[in-house]
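Residue-level structural notes
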Amino acid sequence: MSKIRCTVDQLSPLTSGVTRVLLTPEHPVPYQPGQYLQIWLSDDDKRPFSIASTPAQAQLELHIGGAVTDPYASQALAHLQQHAEITAEVGLGQAFWREDSQNPIILLAGGTGFSYVYSIAQAIAAAAVKRPVFLYWGVRDQSALYHLAELQQWADTDAHYRFIPVVQNPDTDWQGRSGLVHEAVLADFVSLEAYDIYLAGPFAMAGVVRSAFLEQGGKREQMFADAFAYI
Ligand SMILES: Cc1cc2nc3c(=O)[nH]c(=O)nc-3n(C[C@H](O)[C@H](O)[C@H](O)COP(=O)(O)OP(=O)(O)OC[C@H]3O[C@@H](n4cnc5c(N)ncnc54)[C@H](O)[C@@H]3O)c2cc1C
């Protein structure tokens, strides 16, 4: 873990509720795909955000958003808007990608939990992993699928990769899966025993998923989520 000063390079909207943040650390900083950083709002107030980029990239990318009624994200964004430089602790968390495992992989994101799986998916693509990879991304409304085209292209580039977007409240023109994202996984796999499962999203989702996946054969030691440390 490294505490480091970072320049705030860019804040740009990904959707009406989610902002893409680019930071440049004052020197290259080590971390693993799937780890998070903490933005220091003050010495007593540090907010964790998954790193969407991979260590091969010079900038640290974040996707910050979520429920508008929740000040968690909006206060962090206000801090980033008001400061040209911020302090961050980088390389936190135990739910990073296990490159050496030979198990097939399920990446499960709820909302802005996508930031976490995006980092791992990019690392998987860069390493040209030849194991089945299923990326499920659940959102409340389809307008929240800000990387839809890119992920469809990612799945098209390699027969090992599948991308399954799941919309909770679909419009009538939505032709994909609907409902809660973890229920789509439960419907698609008779047993989850063989899989490494990486997941991020709201805490309530993480708790529900952990119980439901264990019941469907998932192995606790093959389920990775930093949210588990908070619930
Ligand atoms: C280590 C760590 C890293 C974090 N990283 C980020 C980050 O990078 N960006 C950020 O903005 N916040 C982050 N947070 C804060 C928190 O995780 C987010 O507030 C949360 O992911 C926001 O989700 P959402 O509002 O986008 O999802 P929502 O829009 O609430 O939900 C999206 C989907 O998740 C599923 N879901 C939601 N609730 C449930 C439920 N109760 N049961 C079953 N399924 C459910 C559904 O499929 C739903 O459509 C982080 C927190 C921690 C501890």
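Residues numbered from 1 in each chain as written. Predicted model: local features only at pLDDT ≥ 70, side-chain atom pairs only at ≥ 80, totals over all residues. Heavy atoms only, no water.

**What about the overall build of the protein chain?**
Spelled out, the test is: Only DSSP runs of H or I with at least four residues qualify as helices, and only runs of E with at least two residues qualify as strands; both kinds are numbered from the N terminus onward. C-alpha atoms define the radius of gyration, and 2.2 Å times the number of residues to the power 0.38 defines the globule rule. Burial classes: relative accessible area under 20% of the type maximum marks a residue as buried, over 50% as exposed, and values in between as partly exposed (1.4 Å probe, protein chains only). His residues and chain termini do not enter the charge count, which takes Lys and Arg as positive and Asp and Glu as negative. Just so you know, the charge point we use is NZ for Lys, CZ for Arg, CG for Asp and CD for Glu.
Scanning the protein chain from N- to C-terminus turns up five helices and 12 strands. The C-alpha radius of gyration computed for the protein chain amounts to 17 Å, which stays within 12% of the reference 17 Å derived for 231 residues, consistent with globular compactness. The proportion of buried residues among the 231 residues of the protein chain is 52%. Placing the 14 positive and 24 negative side-chain charges of the protein chain at their respective mean positions leaves the two points 4 Å apart.

**A few points about helix α2 (residues 114-126)**
Threshold: One fewer than the residue count of a helix, multiplied by 1.5 Å, yields its expected span.
For α2, spanning 13 residues, the distance from its first C-alpha to its last is 18 Å, which sits close to the expected 18 Å at 1.5 Å a residue. Extensive coverage of α2 is indicated by the burial of 10 of its 13 residues. Taken residue by residue, α2 has Phe114, Ser115, Tyr116, Val117, Tyr118, Ser119, Ile120, Ala121, Ala123 and Ile124 as its buried positions.

**Observations concerning the packing of aromatic side chains**
The criterion, for reference: Pairing of aromatic side chains here covers Phe, Tyr and the six-membered ring of Trp, requires ring centres within 6.5 Å, and sorts the geometry by plane angle: under 30 degrees stacked, over 60 edge-to-face, intermediate tilted.
Tallying each qualifying case throughout the model produces 12 aromatic pairs. Measuring from centroid to centroid gives 5.1 Å for Phe134 and Phe189, while their planes differ by 90 degrees, and the two rings are edge-to-face. Linking Phe134 in strand β8 (residues 133-139) with Phe189 in the loop between α4 (181-188) and β11 (196-200), this pair joins segments that are 55 residues apart in sequence. Considering the side-chain rings of Trp137 and Tyr146, the 5.1 Å spacing of their centres and the 75 degrees angle between planes classify their relative orientation as edge-to-face. On the basis of relative accessible area, Trp137 is assigned to the buried category, the value being 0%. Three or more aromatic residues joined by ring pairs make a cluster, and in this case those are Phe114, Tyr118, Trp137 and Tyr146.

**A short note on the domain arrangement of the protein chain**
We count it as follows: In this entry, domain limits derive from an automatic or database-based domain assignment. Contacts: residue pairs with any heavy atoms within 4.5 Å of one another. A quick way to say it: buried area is the sum, across both parts, of accessible area lost when two parts are put together, with a 1.4 Å probe. Definition used for salt bridges: Asp or Glu carboxyl oxygen within 4 Å of a side-chain nitrogen of Lys or Arg. What qualifies as a polar contact is a pair of N or O atoms within 3.5 Å, subject to a donor-acceptor requirement within protein and to the restriction that residues adjacent in sequence count only when both atoms come from side chains.
Taken as a whole, the protein chain is organised into domain 1 (2-92) and domain 2 (105-229). Of the residues lining the interface, 16 residues belong to domain 1; the matching set on domain 2 comes to 14 residues. Approximately 1100 Å² of surface area, both sides summed, lies buried where domain 1 meets domain 2, with 62% of it carried by carbon and sulfur atoms. Applying the counting criterion to the domain 1 and domain 2 interface returns zero salt bridges. Here domain 1 is connected to domain 2 by seven residue pairs in polar contact (both at pLDDT 80 or more).

**Quick notes on the site of the ligand**
This is how the line gets drawn: Any residue with a heavy atom lying within 4 Å of a molecule or strand is counted as near it. Shrake-Rupley sampling with a 1.4 Å probe provides the accessible areas, and residues are treated as covered by the protein chains on show and by no other component. Under the grouping applied here, Gly and all other residues not named as nonpolar or charged are polar, the nonpolar ones being Ala, Val, Leu, Ile, Met, Phe, Trp, Tyr, Cys and Pro and the charged ones Asp, Glu, Lys and Arg.
For the ligand, the set of nearby residues contains 29 residues, the closest of which are His63, Gly65, Thr112, Arg140 and Gln168. One of the backbone nitrogen or oxygen atoms of Gly65 is found 2.9 Å away from an oxygen atom of the ligand. With respect to the ligand, the side chain of Arg140 contributes an N or O atom lying 2.8 Å from an oxygen atom. When the ligand sits alone it has 990 Å² of accessible area, and the protein chains cover 86% of it. Of all the elements in the fold, those that place two or more residues in the shell around the ligand are β4 (45-50), β5 (60-64), β8, α4 and α5 (203-215). A class-by-class count of the residues in the shell around the ligand yields 15 nonpolar, 13 polar and one charged. Summarising the domain contributions, the shell around the ligand has at least three residues from each of domain 1 (2-92) and domain 2 (105-229).

**Re the nonpolar core**
Under the convention used in this document: For the purposes of this section, nonpolar cores are sets of buried Ala, Val, Leu, Ile, Met, Phe, Trp, Tyr and Cys residues that join through side-chain atoms within 4.5 Å.
Counting residues in each nonpolar core, the largest one holds 32 residues, and the members touching the most others are Leu107, Ile124, Leu135 and Trp137. Of all the secondary structure elements, the ones that give two or more residues to this core are β7 (105-110), α2, β8, α3 (148-157), β9 (161-167) and β11. Considering each element in turn, this core owes the most residues, eight residues, to α2. Residues Ile106, Leu199, Met223 and Ala225 belong to the second largest nonpolar core, which totals 23 residues.

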